[in-house]
Amino acid sequence: MPLQIETEKDFDLEDLQYDFEDSMETDRWNDAPAEIKELFHLLEWNIIDGEHGDTVGFINEALKATVTARTLIAGPMATGIAEVGRRFKMDEYFLPEVMMSAKCMHEALAVLKPLIIAEKSEEVGTVVVGTVQGDLHDIGKKIVAMMLEAAGFTVHDLGVTVPPEKFIEAIREHKPQIVGFSALLTTTMNMQWETLKVITAEGLREELKVFVGGAPISQAWCDKIGADAYGADALIAVDKAKACVTRLSNLKGGAPELHAAMLDIDREREEAKAEAAAAAGAG
Ligand code: B12
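Residues numbered from 1 in each chain as written. Predicted model: local features only at pLDDT ≥ 70, side-chain atom pairs only at ≥ 80, totals over all residues. Heavy atoms only, no water.

## Things to note about the site of the ligand
Part 1: In the vicinity of the ligand lie 35 residues, with Leu136, His137, Asp138, Ser182 and Thr186 positioned nearest.
Part 2: A distance of 3.5 Å is found between an oxygen atom of the ligand and a backbone nitrogen or oxygen belonging to isoleucine 139.
Part 3: At 3.2 Å, a backbone N or O of alanine 234 approaches an oxygen atom of the ligand.
Part 4: For the shell around the ligand, the elements supplying multiple residues, two or more each, are helix H4 (69–89), helix H5 (95–117), helix H6 (139–150), strand E3 (178–182), strand E4 (209–213) and helix H10 (234–245).
Part 5: For the shell around the ligand, the residue count by class is 19 nonpolar, eleven polar and five charged.
Part 6: Two domains each provide a minimum of three residues to the shell around the ligand, namely domain 1 (14–117) and domain 2 (125–270). (Near = heavy atom within 4 Å. Polar contact = N/O pair within 3.5 Å; in protein donor to acceptor, adjacent residues only side chain to side chain. Helix = DSSP H or I, 4+ residues; strand = E, 2+ residues; numbered from the N terminus. Nonpolar A, V, L, I, M, F, W, Y, C, P; charged D, E, K, R; others polar. Domains from an automatic or database assignment.)

## A closer look at the domain arrangement of the chain
Part 1: On domain assignment, one finds that the chain holds domain 1 (14–117) and domain 2 (125–270).
Part 2: For domain 1 versus domain 2, the distance between C-alpha centres works out to 27 Å.
Part 3: Across the boundary between the two partners, domain 1 contributes ten residues, which contact nine residues of domain 2.
Part 4: Area buried by domain 1 at its contact with domain 2 is led by His106, Leu109 and Ile117, which between them contribute 43% of it. (Contact = heavy atoms within 4.5 Å. Buried area = accessible area lost by both parts, 1.4 Å probe.)

## A word on the coordination of the cobalt atom of the ligand
Part 1: The protein gives the cobalt atom of the ligand a lone donor atom, His137 (NE2), placed 2.3 Å from the metal.
Part 2: Mapping histidine 137 onto the fold places it in the loop between strand E1 (125–131) and H6. (Donors = N, O, S within 2.8 Å, 3.2 Å for Na, K, Ca; no water.)

## Structural notes on the sheet that holds E3
Part 1: An order of E2-E1-E3-E4-E5 is seen for the five strands of this open sheet, with the pairing classed as parallel. Of all the strands in the sheet, just strand E2 (153–157) and strand E5 (229–230) have a single pairing partner and so form its edges.
Part 2: Against the sheet, helix H8 (residues 189–201) contacts E3 and E4, and its axis sits at roughly 155° relative to E3.
Part 3: Along the sheet, H10 contacts E2, E3, E4 and E5; its crossing angle with E4, the most-contacted strand, is approximately 175°. (Pairing = 2+ DSSP bridges. Axes fitted to C-alpha atoms, helices over the stretch in contact; angles between N-to-C directions.)

Now the structure itself:
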């Protein structure tokens, strides 16, 4: 039985501004055995400190202790890189530090990817994803692509800084049901809109369910540009993608009913989270 560890909670990460000992005193990962809690905090600090030579060692140790790849990605890897983002924003970190931390994430994902892909169930559909033109961020997009593959999708990942015409080419070649645009910069999020406009101009809009995601992206942005679904994280993106190729497969891209159904999935998830939090509080 793999270890079940809570990763969905909105954790307070203030300790990550200080040091490892402070992290050990928080209640984050307290539902894990003591040695796993310690390992998770070591991994968080490994990513924050950008000590990429050691990342794979921590990852392998956790896997040996039956922690799942998903728990590692949604747990200590997510909290570690979130703190890196905070430090960058506050000018406590500059590009070289962020690049070292990104290297840790990439090394960890390289080990975890085959494990996630091995979960692949029966073929459910095809997705084309890419980070839009001008944007080099790809950690989150890679995670989304991996989770979609595990859920049974064939994923064509076009990489980073993908111009609209490359999306069009890939859509014509692979005939996906879904296309996903990632953007991490406020200066590149507009390329999601531009790419969607080209898709529409090429007469491909109705064939495709258009997903958008990335740190500056929101449901409001998704609504504004007329995309079908916003994915705040990889898990919700998978839920929405699955719904698109099963019970909603008859709806065309851009249909108001599709948009409404995507919002229902967000609502259901919020309700489930609230119920789980209430149950944990009562227990
Ligand atoms: C790592 C990083 C880098 C690395 C990227 C390495 C790589 N290969 O990806 C490097 C060092 C290269 C980098 C460069 C830059 N960066 Co940078 N970077 C980050 C950082 C710290 C983490 C991003 C990350 O990987 N997060 C972890 C992943 C798991 O999260 P995520 O990407 O959000 O993905 C999740 C969801 O958003 C969603 N999702 C993502 N994509 C998609 C797609 C679809 C279809 C769906 C459904 C869902 C979805 O699911 C994912 C998984 O749950 C962020 C901080 C932040 N808060 O995001 C800054 C950040 C994005 N960077 C920033 C900046 C400014 C830059 C630079 C311009 C800096 C510079 N002066 O040169 C350059 C830009 C270069 C370029 N042209 O792209 C700013 C952007 C600010 C803004 N408002 O635009 C941020 C927010 C930092 C900050 N707070 O100031 N960066």
